[in-house]
Amino acid sequence: HQNWDHRRMIYMEDPIWFSPFNVIFHFTKYKNDPAPKDQRQFKKAEEAFFVATMLVGIMAIQKRQYWMQIVSDKNGSPDIRTGTYKAPRGTPRNTWVTQEVEVVIFDEHSDEKSIPDFLRRTKLSKGKSYDPLTTILCYIRKDFHLPPLKTLVADLQADKYQSPIMLLGKTSPDQWAYKIAQINPQLDLVSEFELPTDLPAEVKEKKYTGVLNLKKGSVPIFHSHPEEK
């Protein structure tokens, strides 16, 4: 898809990138830890989990690997940055490109009866302006009847928003089953999928326990860095 094939090419201050499976694995352990949690830190970790889950669905569709990193709140925006190689990994003179992601949660505290109205109040408000290389991920976390996706697309197209908008929500209350869909600028990337039930085995099998350490002007090398969190 055009919005996920033409990403922002930037100079990276942080060279460390994680596999989405790695992020999901660590968040699950962190979430279930009974120790008290810093609420701001937990919010950032949860945003990373939502983006990681979305990327798992996109990877299943596109058959390519994505990586991600959490961006400090001190930077203001984005919440998460994702990256991938334009060509298969290991290709000479390959280009690393990124897509920025802003996360918003449609939950029981959201008064709007429609997702487009909720987005207009939050990430699409007049006080914010995101370009076509910033994706807005809306996670649905409340009992909500989702209208036909084409209806949502038509509603948002009327305002001609530039940013790609993705929806993510669970399709089962007791399983890791999800649905994703892009609803702006057009309907795309619609998929239902499940996260692996045995995450430790999946992470180990796919060799996702380490991190990707990128250095400008060199061949990217995958490093084993088990303590990186």
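1. Brief notes about the pattern of salt bridges
- Counted by the stated rule, this structure contains eleven salt bridges.
- In this structure, E47 and K43 form a salt bridge, with 2.6 Å as the shortest nitrogen-oxygen distance. With a gap of four residues between them, E47 and K43 both fall in helix α2 (residues 39–62), about one helical turn apart.
- For E46, the salt bridge is made with R141, and the minimal N-O distance between the two is 2.7 Å. Pair noted here: E46 is in helix α2 and R141 is in strand β5 (residues 134–141), with a separation of 95 residues, a long-range link.
- E46 sits in the buried class, given a relative accessible area of 14%.
- The class for R141 is partly exposed, based on a relative accessible area of 34%.

2. As for the sheet that holds strand β8 (residues 188–194)
- Strand order across the open sheet formed by seven strands is β2-β3-β4-β5-β6-β7-β8, with mixed pairing between neighbours. If you trace the sheet from one side to the other, it starts and ends with β2 (67–70) and β8, each paired once. Shown here is a sheet whose adjacent strand axes are inclined to one another by a mean of 25 degrees, direction ignored.
- Both strand β3 (residues 80–85) and strand β4 (residues 96–107) contribute to a ladder of six bridges, which runs antiparallel. Each bridged residue has a counterpart across the sheet, and for I80 the counterpart in β4 is V101.
- Against the sheet, helix α4 (residues 149–157) engages β6 (165–170), β7 (177–184) and β8, with an angle of about 35 degrees to β7.

3. What to know about the packing of aromatic side chains
- Following the criterion strictly, the structure yields ten aromatic pairs and no others.
- Judged by centre distance (5.1 Å) and plane angle (70 degrees), the ring pair of W17 and W96 falls under edge-to-face. Here W17, found in strand β1 (residues 16–17), pairs with W96, found in strand β4; they are 79 residues apart in sequence, far enough to count as distant.
- A centroid spacing of 5.1 Å and a plane angle of 85 degrees characterise the contact between F106 and F144, whose relative ring orientation is edge-to-face. Separated by 38 residues along the polypeptide, F106 in strand β4 and F144 in the loop between β5 and α4 bring together distant segments of the chain.
- Through pairs of rings, three or more aromatic residues link up here, namely F27, Y30, F42, F49, F50 and Y139.
- Above the plane of the ring of Y30 lies K37, whose end atom (NZ or CZ) is 5.7 Å from the centre.
- When the ring centre of F106 is taken as reference, the NZ or CZ atom of K142 above it lies at 4.3 Å.

Cut-offs applied
- Residues numbered from 1 in each chain as written.
- Predicted model: local features only at pLDDT ≥ 70, side-chain atom pairs only at ≥ 80, totals over all residues.
- Heavy atoms only, no water.
- Salt bridge = Lys/Arg side-chain N within 4 Å of Asp/Glu carboxyl O.
- Helix = DSSP H or I, 4+ residues; strand = E, 2+ residues; numbered from the N terminus.
- Buried < 20%, exposed > 50% of the residue type's maximum accessible area, 1.4 Å probe, protein only.
- Pairing = 2+ DSSP bridges.
- Axes fitted to C-alpha atoms, helices over the stretch in contact; angles between N-to-C directions.
- Contact = heavy atoms within 4.5 Å.
- Phe/Tyr/Trp six-rings, centres within 6.5 Å; stacked < 30°, edge-to-face > 60°.
- Lys NZ or Arg CZ within 6 Å of the ring centre and 35° of its normal.

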